[in-house]
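Reading the structure
Spelled out, the chains give:
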Amino acid sequence: MRHRSAVVVSIAVIGALSLTACGSRGEKKSGDGNNAGATTTVTIGIDAPLSGDLSALGLGIRNSVELAVKQANEKNEVPGVKFQIKSLDDTGKPAPGQQNATQLVADKDVIGVVGPLNSSVAQSMQQIFNDANLVQISPANTGVALSQGEKWASGVKARPFKSYFRTATTDAVQGPFAADFLAKDAKKTKVFLIDDQKTYGAGLAATFKAQFIKNGGTIVNEEHVNPDDRDFAAVVTKVRSSGAEAVYYGGEYPAAGPLSLQLKEAGVNIPLMGGDGIQSGDFIKLNPKSQGDYATAVGLPVEQLPTAAKFIADYKAAGYKDAYETYGGYSYDSGWAIIQGVKAVVAANGGKLPDNPRAKVVEAVQKVAFDGVTGKVSFDEFGDTTNKQLTVYAVKDGKWAVEKSGTFNG
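Residues numbered from 1 in each chain as written. Predicted model: local features only at pLDDT ≥ 70, side-chain atom pairs only at ≥ 80, totals over all residues. Heavy atoms only, no water.

**Let's talk about the overall build of the protein chain**
For the protein chain, the helix and strand inventory stands at twelve helices and 16 strands. Since a compact globule built from 410 residues should have a radius of gyration of about 22 Å, the 22 Å found for the protein chain is in line with a globular shape. The dimensions of the protein chain, computed from C-alpha atoms along their principal axes, are 75 × 45 × 35 Å. By the burial criterion, 60% of the 410 residues in the protein chain qualify as buried. Of all intrachain contacts in the protein chain linking residues separated by at least 6 positions in sequence, the fraction that spans at least 24 positions is 74%. Surface exposure of the protein chain reaches about 16100 Å², of which carbon and sulfur atoms provide 50%. (Helix = DSSP H or I, 4+ residues; strand = E, 2+ residues; numbered from the N terminus. Rg over C-alpha atoms; globule rule 2.2 N^0.38 Å. Buried < 20%, exposed > 50% of the residue type's maximum accessible area, 1.4 Å probe, protein only. Contact = heavy atoms within 4.5 Å. Areas by Shrake-Rupley, 256 points an atom, 1.4 Å probe, with all protein chains shown as cover.)

**As for the pattern of salt bridges**
A complete count under the given rule lists 16 salt bridges for this structure. Here lysine 264 makes a salt bridge to aspartate 293, at a shortest N to O gap of 3.0 Å. Separated by 29 residues along the polypeptide, lysine 264 in helix H8 (residues 253–265) and aspartate 293 in the loop between helix H9 (281–286) and strand E12 (294–298) bring together distant segments of the chain. Across the pair lysine 310 and aspartate 314 runs a salt bridge whose closest N-O atoms are separated by 2.6 Å. Here lysine 310 and its partner aspartate 314 are both found in helix H10 (residues 309–317), four residues apart, which amounts to about one turn of the helix. (Salt bridge = Lys/Arg side-chain N within 4 Å of Asp/Glu carboxyl O.)

**Brief notes about the environment of aspartate 333**
Counting through the fold element by element, aspartate 333 comes out in helix H11 (residues 328–348). Note on aspartate 333: relative accessible area 1%, which makes it buried. C-alpha separation for the pair aspartate 333 and serine 119, spaced 214 residues apart in sequence, amounts to 19 Å. Each residue touching aspartate 333, except ones within four places of it in the same chain, is listed here: Thr167, Phe370, Gly372, Val373, Thr374 and Val377. Of the polar contacts made by the side chain of aspartate 333, one reaches the backbone nitrogen of valine 373; its length is 2.8 Å. (Polar contact = N/O pair within 3.5 Å; in protein donor to acceptor, adjacent residues only side chain to side chain.)

**Points about the sheet that holds strand E16 (residues 399–407)**
Strand-to-strand pairing in sheets goes through backbone hydrogen bonds, with the strands running parallel or antiparallel. Pairing in this open sheet of seven strands is mixed, and the strands run E9-E8-E10-E11-E12-E15-E16 from one edge to the other. Across the chains shown, the open sheet's two edge strands, defined by having one partner strand only, are strand E9 (218–224) and E16. Averaged over neighbouring strand pairs, the angle between their axes works out to 25° when direction is ignored. (Pairing = 2+ DSSP bridges. Axes fitted to C-alpha atoms, helices over the stretch in contact; angles between N-to-C directions.)

**Thoughts on the confidence of the model for the protein chain**
In the predicted model, the protein chain carries a mean pLDDT of 90, and the fraction of residues at 70 or more is 90%. A low-confidence stretch, residues 1–28 stays under pLDDT 50, and its non-local contacts, those more than four residues away or across chains, total 124 contacts. Ignoring residues within four places in sequence, the model shows residues 31–38, a span with pLDDT below 50, making 19 contacts including any to other chains. (pLDDT = per-residue confidence, 0-100.)

**Quick look at helix H6 (residues 199–214)**
Each turn of an α-helix holds 3.6 residues, which means side chains three or four residues apart point in the same direction. With 16 residues, H6 extends 23 Å between its outermost C-alpha atoms, agreeing within 8% with the 22 Å of an ideal straight helix rising 1.5 Å per residue. For H6, the set of buried residues is Tyr200, Gly201, Leu204, Ala205, Thr207, Phe208, Gln211 and Phe212. Each element contacted by the buried residues of H6 is listed here: helix H3 (119–131), helix H5 (171–185), strand E8 (190–195), E9 and strand E10 (246–250). Phi for glycine 216, located one or two positions after H6, is positive at around 95°. (Expected span 1.5 Å × (residues − 1).)

**Concerning the pairing of strand E5 (residues 110–114)**
Taking burial as the measure, the five residues of E5 include five buried ones, the bulk of the element. Sheet topology note: the E5/strand E6 (residues 135–138) ladder contains three bridges and is parallel. Bridge pairing links glycine 112 to valine 135 in E6. Crossover connection from E5 via H3 to parallel E6: handedness right-handed. (Right-handed = clockwise from strand over helix to strand, strands pointing away.)

**Considering the nonpolar core**
Among the nonpolar cores identified, the biggest contains 78 residues, and Phe83, Ile194, Val239, Tyr249 and Phe283 are the most heavily contacted of them. The element contributing the most residues to this core is helix H1 (residues 55–75), with nine residues. Setting aside chain neighbours within four positions, we find isoleucine 194 in contact with Glu223, Val225, Val235, Val239, Val247, Tyr248, Tyr249, Gly250 and Leu259. Residues Val173, Phe177, Ala178 and Val392 belong to the second largest nonpolar core, which totals 24 residues. (Core = buried A, V, L, I, M, F, W, Y, C linked by side-chain atoms within 4.5 Å.)

**Section: the pairing of E16**
Relative to E16, strand E15 (residues 389–396) runs antiparallel, the two being bridged by eight bridges. Bridging across to E16, glutamine 389 finds its partner in threonine 407. Counting the residues between successive antiparallel strands, the hairpin from E15 to E16 contains two residues, one of them, aspartate 397, with a positive phi of roughly 55°.

**As for the packing of aromatic side chains**
Each aromatic ring pair is characterised by the separation of its centres together with the angle its planes make. One pass over the full model with this rule turns up eleven aromatic pairs. Between phenylalanine 181 and tyrosine 294 the ring centres are 4.9 Å apart and the planes differ by 70°, which places this aromatic pair in the edge-to-face class. Of this pair, phenylalanine 181 sits in helix H5 while tyrosine 294 sits in strand E12; the two residues are 113 residues apart in sequence, bridging distant segments of the chain. Across this residue pair, the class does not change: phenylalanine 181 and tyrosine 294 are buried. Ring geometry for tyrosine 315 and tyrosine 320: centres 4.7 Å apart, planes at 40°, overall tilted. Assessed through its relative accessible area of 5%, tyrosine 315 is described here as buried. Residue classification places tyrosine 320 among the buried positions, given a relative accessible area of 18%. Connected via pairs of aromatic rings, a cluster forms that spans Phe311, Tyr315, Tyr320, Tyr324, Tyr332 and Trp336. The residue whose ring lies beneath arginine 159 is phenylalanine 165, and the NZ or CZ to ring-centre distance is 4.8 Å. (Phe/Tyr/Trp six-rings, centres within 6.5 Å; stacked < 30°, edge-to-face > 60°. Lys NZ or Arg CZ within 6 Å of the ring centre and 35° of its normal.)

Below is the structure:
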């Protein structure tokens, strides 16, 4: 039997776990050429908060990408190519994220990156990755400007970075989808608007506000908090006297959980609603009185998708102690998109990974299209997912339950 020489591709996952390639004789690093008998090591990076308040989401991202890599290797998805991950922890903050981006770019074996979770962290990374022609696919970023430019709200859309992609849909549809639900389904006419002043939270609140007013609703008051705040006594007092029928919070679960709990304990028995940043099991853990609160999440419920059944079963079988959480399916699909990009590049180069493959992988990812865990995976001219479906969840009996799914049509 003729033996094909192996090529090892490492997928760097920005997170804390790192799977290191086995150092065997004849192993080569990417960019060293593809001589017969040599092994080329390429890394896909994962960047996510693997410690700190947002680690529940970050660990789900890391584990899901790791699962994609393991299965690609088991299937020999790219003949002659083996994948591995390298993960770094950004703690959910821009400065560590920027350092991680610099570290990944400097590692010549890194061929693509999955992450980050936070839009504000992505802002600190994009230029670094783009300058290095290193593909970046986020399973969770929803800030619109990341892909469509700062003037997107005025109708002027321009893609800032060709290396940036995402499998999550944007706040341009998530915020309005929530506003439509509160106004048309929940029949709320007066909302108190709060955001945490971060890129994600402020942007989400702004798109919600515009659509809620368009629907004839009233924003009775607005407040800005800090993401590290946990004492919301002053805000609770303002909400209680405002006559609001609901609170919309632009931010994430570490603050949203305590905020909702303090509202309920003060007798302000109105629902708090937020985006995908609060749709985590940890929101309910932080807030035992969260019954009736709402959250939107990108895409359709993974548990109800036939395409996700195998992912869910395989994730469980892999024995991960952390849940795949909100972004698990999108993380798997992000990793798989990079794998498919590498597959296309290798096929176009006579079955070998070319020297300096980063720019070619960026071009290949732009063209990928496959049936993933979350449905059809492909990217538009801005690098945004073509999947614009969303879901509203409500807390019922201590769990997030599907309230409504669909698309936002303007």
